[in-house]
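Summary of structural features
In case you want the letters, here they are:
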Amino acid sequence: MAFKIYNTMSRSKEELLPSDGKHVRMYTCGPTVYNYAHIGNYRAYMFEDLLRRYIKFCGFGVTQVQNLTDVDDKTIRSSIEQGLPLKDFTKKYIDAFFVDLAKLNIEPAEHYPAATDFIPEMIAIIKTLFEKGYAYQSDDGSVYYSIDKFEGYGKLARLDREGMRSGARVDQDEYDKDNAADFALWKAYVPEDGDVVWDSPWGKGRPGWHIECSAMSMKLLGDSFDIHTGGVDNIFPHHEDEIAQSEAATGKIYSKYWMHCGYLIVDGKKMSKSLGNFYTLREILEMGYTGREVRYELLSSHYRQSLNFAFKSLDSNRSALKRLDEFYTTIQEVAGTGSKVGDLPEWASGTRDQFAGAMDDDMNISGAMAAIFDAVHAGNKAMLEAPLTPPQARAITNLWAELDTVLGLLISKEEEVPAEVSELLKARTSARDAKDWAESDRIRDALAEQGWTVKDTPEGPKLRKL
RNA sequence: GGUGCGGUAGCCAAGCGGUUAGGCAGUGGAUUGCAAAUCCAUCUAGAUCGGUUCGACUCCGAUCCGCACCUCCA
């Protein structure tokens, strides 16, 4: 089996082969910390989470870098509005970001570099670009990258260099630049920047946006690394410009694979802060949804497909997760505390291959989830015929644990049954033994108020969290 | 205008040149003191028009519609 991923650079699926054969180095574009990230942003981080988890499932090691953009127009403007030093302002949103990642059960990356901690590295790259003739300084003091000097410019986005001249949004007034599409490496200081300023060989100022990713990725992963990811809106200009400046500076291939995820759509439009049609994770959690339900939502569509966000599907995810929980709880009850592992029952013997086969194909999550639900259905059916042995059940819980290293939503945390609730259950059992159905139903309602539902099974009553 | 993605049943969403994807919801039944869960059965597909083929949801062409990117963007 081979894990194939869609490489935006080649526009085709390619087998993932890390350059050292065993350890994948990946750079994933992270948040700009001027506000709470919305769930459209988390769609990208969720895709990256699935990717790193499946890479590990395939037996590779992973080093993931996710940057924090803590200096740009928006962070500067907002921090000044709030009268806070930039670092104090961004800290609030950086902290919130990590809280959200935990709620969504997104595995932490190995590195979370902040742009403001890598200014010397950025300046070093710009210096090199000057030496090699790719950079120039304009009259206003800003430093630009000359895209005409880089032969491969446009190779990722497959730009029509001629067509760009008549591009819809090229600002004709940008006469400081040699070519309207040249981008800033270093922005000269303007009063609006307040005290956000660094010294450089080209005067006071601050870095351009694209240079931060080049500096941090190459510093932490090397001049050439394996995978670079982001949303499709990053293909151009951000990633195109990163390639231009990095490859011009080093003369090496910057990233071997480029992967991009589709958008989160709300009411037929891309969710974005500028359109104002966004939800933050904390808003959704306040509405009573769980991080796990949101995780299921963000995960369960193929990453390159746009994902239509609707509360209705969050509700249906709750039902689907209940079905998974019901199954897993049943299996776990049979497995008990025994550690002896038996063979998988016939109905689960192909599940792992079916799951991996789907995931190998550019992370076909729909196929992978179908493998899970096929097993649940076949298992429920088989258990009506013949009970599992504890070692068989243990084999299944082990399989589930393995698959959940990828999905991160199969196994929910055990709920402790409060003493009060187990007292109620006892009282109800007595009532039922006495065939006092009215009392039994009254207690069942009382349990529901506590958030628990009771099921009467041949093995006795069972409690489930609502 | 350039470039790219898509249109699959009530909703969400896959693979596949011929054989039930899957999830949610609905209906009928089994089961249950009643439920819940589960099982069984069942309803609703492939934007439109052509072409290739023994056979097309799948390949090709055209048309229509939607979304995105073309220097804020995950």
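Residues numbered from 1 in each chain as written. Chains lettered and ligands numbered in written order. Predicted model: local features only at pLDDT ≥ 70, side-chain atom pairs only at ≥ 80, totals over all residues. Heavy atoms only, no water.

1. Examining the nonpolar core
- Counting residues in hydrophobic clusters, the biggest one holds 80 residues, and the most contacted among them are I55, I227, F355 and W400.
- It is helix α1 (residues 39-57) that provides the largest number of residues to this core, a total of 11 residues.
- When near neighbours in sequence (up to four residues on either side) are disregarded, W400 contacts F327, Y328, I372, A375, V376, L410 and I411.
- Core analysis: the next-biggest nonpolar cluster, separate from the first, contains 42 residues, V143, C213, M218 and I235 among them. (Core = buried A, V, L, I, M, F, W, Y, C linked by side-chain atoms within 4.5 Å. Buried < 20%, exposed > 50% of the residue type's maximum accessible area, 1.4 Å probe, protein only. Helix = DSSP H or I, 4+ residues; strand = E, 2+ residues; numbered from the N terminus. Contact = heavy atoms within 4.5 Å.)

2. Describing the packing of helix α10 (residues 311-335) against helix α13 (residues 390-407)
- Contact pair α10 / α13: the axes reach a minimum separation of 7 Å and the direction vectors enclose 135°. The angle between α10 and α13 places the two elements in the oblique class. Two packed elements cross with a definite hand, and for α10 against α13 that hand is left-handed. Within the contact between the two elements, α10 uses F327, Y328, I331, Q332, V334 and A335 and α13 uses P390, A393, R394, I396, T397 and W400.
- The class makeup of the residues in the contact of α10 with α13 is nine nonpolar, two polar and one charged. (Axes fitted to C-alpha atoms, helices over the stretch in contact; angles between N-to-C directions. Parallel < 35°, antiparallel > 145°, perpendicular 65-115°, else oblique. Left-handed = near helix turned anticlockwise from the far one by under 90°. Nonpolar A, V, L, I, M, F, W, Y, C, P; charged D, E, K, R; others polar.)

3. Observations regarding the sheet that holds strand β3 (residues 23-28)
- If you trace the four strands from one edge of the open sheet to the other, you get β4-β3-β9-β10, paired in parallel fashion. Edge positions in the sheet fall to β4 (61-66) and β10 (255-261), since each of these pairs with one other strand and no more. With direction set aside, neighbouring strand axes in the sheet form an average angle of 20°.
- Here β3 pairs with β4 via six bridges, running parallel. Of the residues in β4, the one forming a bridge with T28 is Q66.
- Here α1 sits on the sheet in contact with β3, β4, β9 (225-231) and β10, set at roughly 160° to β4. (Pairing = 2+ DSSP bridges.)

4. Looking at the protein's contact with RNA strand B
- A181, W209, G231, D233 and N234 are the nearest of the 55 residues found near RNA strand B.
- Within the side chain of N364, an N or O atom sits 3.2 Å from a sugar or linking oxygen of RNA strand B.
- Within the contact set of RNA strand B, a phosphate oxygen lies 3.1 Å away from a side-chain nitrogen or oxygen of K381.
- Counting residues per element, the ones that place at least two in the surface near RNA strand B are α1, β9, β12 (269-270), α10, α12 (365-385), α14 (419-433), α15 (437-449) and β14 (452-457).
- In terms of residue class, the surface near RNA strand B is made up of 17 nonpolar, 21 polar and 17 charged. (Near = heavy atom within 4 Å. Polar contact = N/O pair within 3.5 Å; in protein donor to acceptor, adjacent residues only side chain to side chain.)

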